[in-house]
Amino acid sequence: MRSKIVAGNWKMNKNINQTEALLSDLSAKLPDTDAEVMVAPTFVNLLGAVENLEASPIEVIAQNMHFAESGAFTGEVSADMLLAIGINTVIIGHSERRAYFGETDEILAKKVKAALGKNMRVMFCFGEELEDRKSGNHFKVVKSQLKNALFHLDAGAWSQIVLAYEPVWAIGTGETASPEQAQEMHAFIRNTISEAFNSTVANEVSILYGGSVKPANAKEIFSKPDVDGGLIGGASLVADDFIAIINGI
Ligand code: PEP
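Residues numbered from 1 in each chain as written. Predicted model: local features only at pLDDT ≥ 70, side-chain atom pairs only at ≥ 80, totals over all residues.

Looking at an unreviewed UniProt entry, one finds the protein chain named Triosephosphate isomerase, with Cerina litoralis as its source organism. The heading Catalytic activity (unreviewed entry) in the UniProt record of the protein chain holds the text "D-glyceraldehyde 3-phosphate = dihydroxyacetone phosphate". As its UniProt record puts it under Sequence similarities (unreviewed entry), the protein chain is described as follows: "Belongs to the triosephosphate isomerase family." (UniProt positions renumbered as here; feature names shortened; annotations may be inferred.)

Structure representation (structure tokens):
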């Protein structure tokens, strides 16, 4: 059985005091759930978050990492640094990293390799732009993003991968893929993985949907058979909204 996951990507939001306050609120209100719940604060607040959540089932994850072991990479953070403070999962390939920080499929493949080499779990994000969908190229684009970053892996490595399909046109825009559009793409992704690897890998990988998930639409999106949860941006910054979304799973 694959895991259900609800993860909050806090991006460059919340200073240390705000981080503490939100984590305490989330811990106090967290419902009993079978889903794995994760939050991704900014780098400087990761250690504080790990300490704050010591007694909580909520997992703290990182928004990014560099592929090198260590060295002259000003402003960057390595897998070992994350592991040393108790972070075992990292988001790789978020569309904002691709769009604003020039992260190509080739760079992302290196990051995935580095994280898996340290036995970290990777939440790999991908998704088409609006023009791709309008021109009917969305399936082709998604397939090539997956192929370029993940299809060189051994089948065994997939137990450490979580996929997050995030159509770029739905991120932070208030425009969500319809539950049917999400299901259609998730089924395509699972089928593509089945063809590239095998049906066990495809059936066991969790595929999250991300893009303007809110309390009002979460339940319907999560009800689709190939949607195993969500990666949540804006709505994860408000405890009651994030809790409502977790309750939708
Ligand atoms: C995201 O950035 O991963 C995301 C899904 O953002 P939002 O929920 O705000 O669209």
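Okay, back to it.
Engineer: How would you sum up the overall build of the protein chain? Please name residues and give values.
Structural biologist: Of the regular secondary structure elements, the protein chain holds 11 helices and eight strands. Computed over its C-alpha atoms, the radius of gyration of the protein chain comes to 17 Å, within 12% of the 18 Å expected for a compact globule of 249 residues. Projected onto the principal axes, the alpha-carbon positions of the protein chain cover approximately 45 × 45 × 35 Å. Out of the 249 residues belonging to the protein chain, those deemed buried represent 42%. For the protein chain, the proportion of contacts with a sequence separation of at least 24, taken over those separated by at least 6, is 71%. (Helix = DSSP H or I, 4+ residues; strand = E, 2+ residues; numbered from the N terminus. Rg over C-alpha atoms; globule rule 2.2 N^0.38 Å. Buried ≥ 20, exposed ≤ 12 C-beta atoms within 10 Å, placed from the backbone. Contact = placed C-beta atoms within 7 Å.)

Engineer: Can you tell me about the confidence of the model for the protein chain, naming the residues and giving the values?
Structural biologist: Chain-level pLDDT for the protein chain is 97 on average; 100% of the residues reach the 70-or-more range. Taken over the whole predicted complex, pTM reads 0.97, whereas the ipTM for its chain interfaces reads 0.96. (pLDDT = per-residue confidence, 0-100.)

Engineer: Give me the lowdown on the nonpolar core, citing residues and values where you can.
Structural biologist: Generally speaking, a soluble globular protein has its nonpolar side chains buried in company with each other. Grouped together as the largest cluster of nonpolar side chains are 71 residues, with contacts concentrated most on A7, I61, V90, F124 and L163. Discounting residues that sit within four places of it in the chain, I61 has contacts with A7, M38, A40, I87, T89, V90, I91 and M123. (Core = buried A, V, L, I, M, F, W, Y, C linked by C-beta atoms within 7 Å.)

Engineer: Could you give an account of the site of the ligand, with specific residues and numbers?
Structural biologist: Around the ligand lies a shell of 13 residues, among which I171, G172, G210, G233 and G234 are the nearest. Looking at the shell around the ligand, its residues break down into five nonpolar, seven polar and one charged. (Near = placed C-beta within 6 Å. Nonpolar A, V, L, I, M, F, W, Y, C, P; charged D, E, K, R; others polar.)

Engineer: Before we move on, can you summarise helix α7 (residues 138-150) with the specific residues and values?
Structural biologist: The terminal C-alpha atoms of α7, which comprises 13 residues, lie 18 Å apart, in line with the 18 Å expected from a rise of 1.5 Å per residue. Its buried side turned inward, α7 meets α5 (105-117), β5 (121-126), α6 (130-134), β6 (161-165) and α8 (179-196). (Expected span 1.5 Å × (residues − 1).)

Engineer: Pulling in residues and values, what's your account of the UniProt feature "active site" (unreviewed entry) in the protein chain?
Structural biologist: According to UniProt, the positions carrying the feature "active site" (unreviewed entry) are H94 and E166. Of the residues just listed, which span 73 residues, no C-alpha pair is farther apart than 8.4 Å, and they cluster in one region. Position of H94 relative to the elements: it lies in the loop between β4 (89-92) and α4 (95-100). Once residues within four sequence positions are removed from consideration, H94 is found in contact with Q63 and C125. Within the secondary structure, E166 is located in the loop between β6 and α8. A count of 27 C-beta atoms within 10 Å places E166 in the buried class. When sequence neighbours within four positions are dropped, the list of residues in contact with E166 reads S95, C125, G127, I171, G210, G211 and L231.

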